[in-house]
Amino acid sequence: VLAVKPEYAKIPFCKIYYSPFKRAQETAKLLFAESGIPMEELPYIHETRNKPAHLQGGTYDEVKKFWEENRANAYLPEWKPEGGESFLDIKERGKKLKEIFSGHGNEETIGVVSHGNFLRFFVGHWLMGESFSPQVFVELFRYFVVENVGYVLLEFDKESGNVKMTRWHRWE
């Protein structure tokens with residue numbers, strides 16, 4: 001994380017929001033605590049809870065088997081694994097973050113330190129609105145790769161409602 005800190009220092013962030021999960025908190029603090037940029041933890045931008053509670057901490061093979069057996073359920077907006085959350089639950093969390101962004105000015109650069117699946121939901125819903133569906137998410141999951149400590153810069157124009165991806169950085 002510290003190796004990428006100089007790259008992040010070049011981005012004129014006005015505020016950083018971060019997940020309550022420990023790895024996101026640590027990343028946000030390592031990258032931005034000394035910068036003086038205001039930071040705020042948002043409890044609803046945590047990673048998705050998309051596997052049953054009994055598989056938390058389970059092996060890759062156990063989780064893979066679960067999804068092979070439940071693949072069709074992934075396309076049902078209301079379906080959620082035991083102790084998990086549905087597509088609609090996660091979409092609602094993304095809407096909350098979008099509302100936060102909408103409260104900032106057009107010229108402000110806002111950073112979010114979160115998790116790959118949640119960020120895919122957030123970007124998918126932002127770009128597609130109510131057309132965003134589980135089927136679209138599955139495709140987004142397949143093709144929209146979110147790297148650890150990678151970033152995507154999006155510009156949002158409040159007047160037009162347009163979103164433009166201005167930078168996508170993957171660390172090699």
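Residues numbered from 1 in each chain as written. Predicted model: local features only at pLDDT ≥ 70, side-chain atom pairs only at ≥ 80, totals over all residues. Heavy atoms only, no water.

Visitor: What am I meant to see in the environment of Ala9 here?
Guide: The residue Ala9 is located in helix H1 (residues 5-9) in this model. According to the relative accessible area criterion, Ala9 is exposed, its value standing at 63%. Spatially, the C-alpha atoms of Ala9 and Leu31 are 8.2 Å apart, while their sequence positions differ by 22 residues. (Helix = DSSP H or I, 4+ residues; strand = E, 2+ residues; numbered from the N terminus. Buried < 20%, exposed > 50% of the residue type's maximum accessible area, 1.4 Å probe, protein only.)

Visitor: Teacher, can you tell me more about the pattern of salt bridges here?
Guide: It is possible for side chains of opposite charge to pair when their charged atoms get near one another. Scanning the model with the defined rule gives 12 salt bridges in all. The closest approach of N and O atoms between Glu34 and Lys5, which form a salt bridge, is 3.2 Å. Here Glu34 is found in the loop between helix H2 (22-32) and strand S2 (39-41), whereas its partner Lys5 is found in helix H1, with 29 residues between them in sequence. Between Lys95 and Glu92 there is a salt bridge, with its nearest N and O atoms 3.1 Å apart. Of this pair, Lys95 and Glu92 both sit in helix H4 (residues 87-102), 3 residues apart, roughly one helical turn. Residue Glu92 is classed as partly exposed on the basis of its relative accessible area, which comes to 42%. What emerges from the salt-bridge pattern is a single network uniting Lys91, Glu92, Lys95 and Glu130. (Salt bridge = Lys/Arg side-chain N within 4 Å of Asp/Glu carboxyl O.)

Visitor: Would you take a moment to explain the sheet that holds S2 for this structure?
Guide: Sheets are built from strands paired through backbone hydrogen bonds, the pairs being either parallel or antiparallel. Spatial strand order, S2-S1-S3: 3 strands in an open sheet with parallel pairing. Edge positions in the sheet fall to S2 and strand S3 (109-113), since each of these pairs with one other strand and no more. Between one strand and the next, the sheet's axes are offset by a mean angle of 20°, whatever the strand orientation. As paired strands, strand S1 (residues 13-18) and S2 are joined by 3 bridges and run parallel to one another. Counted as the bridge partner of Tyr18 is Glu41 from S2. The strands that H2 touches are S1, S2 and S3; relative to S1, the one it contacts most, it runs at about 160°. (Pairing = 2+ DSSP bridges. Axes fitted to C-alpha atoms, helices over the stretch in contact; angles between N-to-C directions. Contact = heavy atoms within 4.5 Å.)

Visitor: How should the nonpolar core be read in this particular structure?
Guide: Soluble, globular proteins show a tendency: their nonpolar side chains are buried together. Counting 18 residues, the largest nonpolar core has Leu42, Ile45, Leu97, Phe101, Phe118, Phe121 and Phe122 as the members making the most contacts within it. If you list the elements that add at least two residues to this core, you get H4 and helix H5 (116-128). Per-element tally for this core: the top contributor is H5, with 6 residues. Residues in contact with Phe101, not counting those within four places in the same chain, are Ile110, Val112, Phe122 and Trp126. (Core = buried A, V, L, I, M, F, W, Y, C linked by side-chain atoms within 4.5 Å.)

Visitor: I would appreciate a short explanation of helix H6 (residues 134-143) in the present structure.
Guide: Count 3.6 residues to each turn of an α-helix, and residues three or four apart come out pointing the same way. Listed as buried for H6 are Pro134, Phe137 and Val138. The arc that holds every buried residue of H6, seen down its axis, measures 105°, which confines them to one face. Looking at the buried residues of H6, the elements they touch are H4 and H5. (Arc of directions from axis to C-beta.)

Visitor: Can you walk me through the packing of H5 against H6 in this structure?
Guide: A pair of packed helices is captured by two measures, namely the crossing angle of their axes and the spacing between those axes. Running from amino to carboxyl end, H5 crosses H6 at an angle of 125°, the nearest separation of the two axes being 10 Å. It follows that H5 is oblique to H6 by the angle criterion. The way H5 lies across H6 gives a crossing that is right-handed. Of the residues in H6, those in contact with Asn117, Arg120, Phe121, Gly124 and Met128 of H5 are Val136, Phe137, Leu140 and Phe141. A per-class count over the contact of H5 with H6 returns 6 nonpolar, 2 polar and 1 charged. (Parallel < 35°, antiparallel > 145°, perpendicular 65-115°, else oblique. Left-handed = near helix turned anticlockwise from the far one by under 90°. Nonpolar A, V, L, I, M, F, W, Y, C, P; charged D, E, K, R; others polar.)

Visitor: Sorry, what's going on with H4 here?
Guide: Taking 1.5 Å of rise per residue, the 16 residues of H4 would be expected to cover 22 Å, and the 22 Å separating its terminal C-alpha atoms lies within 8% of that figure. Regarding H4, the residues found buried are Phe87, Ile90, Lys91, Arg93, Gly94, Leu97 and Phe101. Looking down the long axis of H4, one finds its buried residues gathered within 155° of arc, a one-sided arrangement. Buried residues along H4 sit in contact with S3, H5 and H6. Here H4 starts with a cap whose side-chain oxygen sits 3.3 Å from the backbone nitrogen of Leu88, and that cap is Ser86. (Expected span 1.5 Å × (residues − 1). Polar contact = N/O pair within 3.5 Å; in protein donor to acceptor, adjacent residues only side chain to side chain.)

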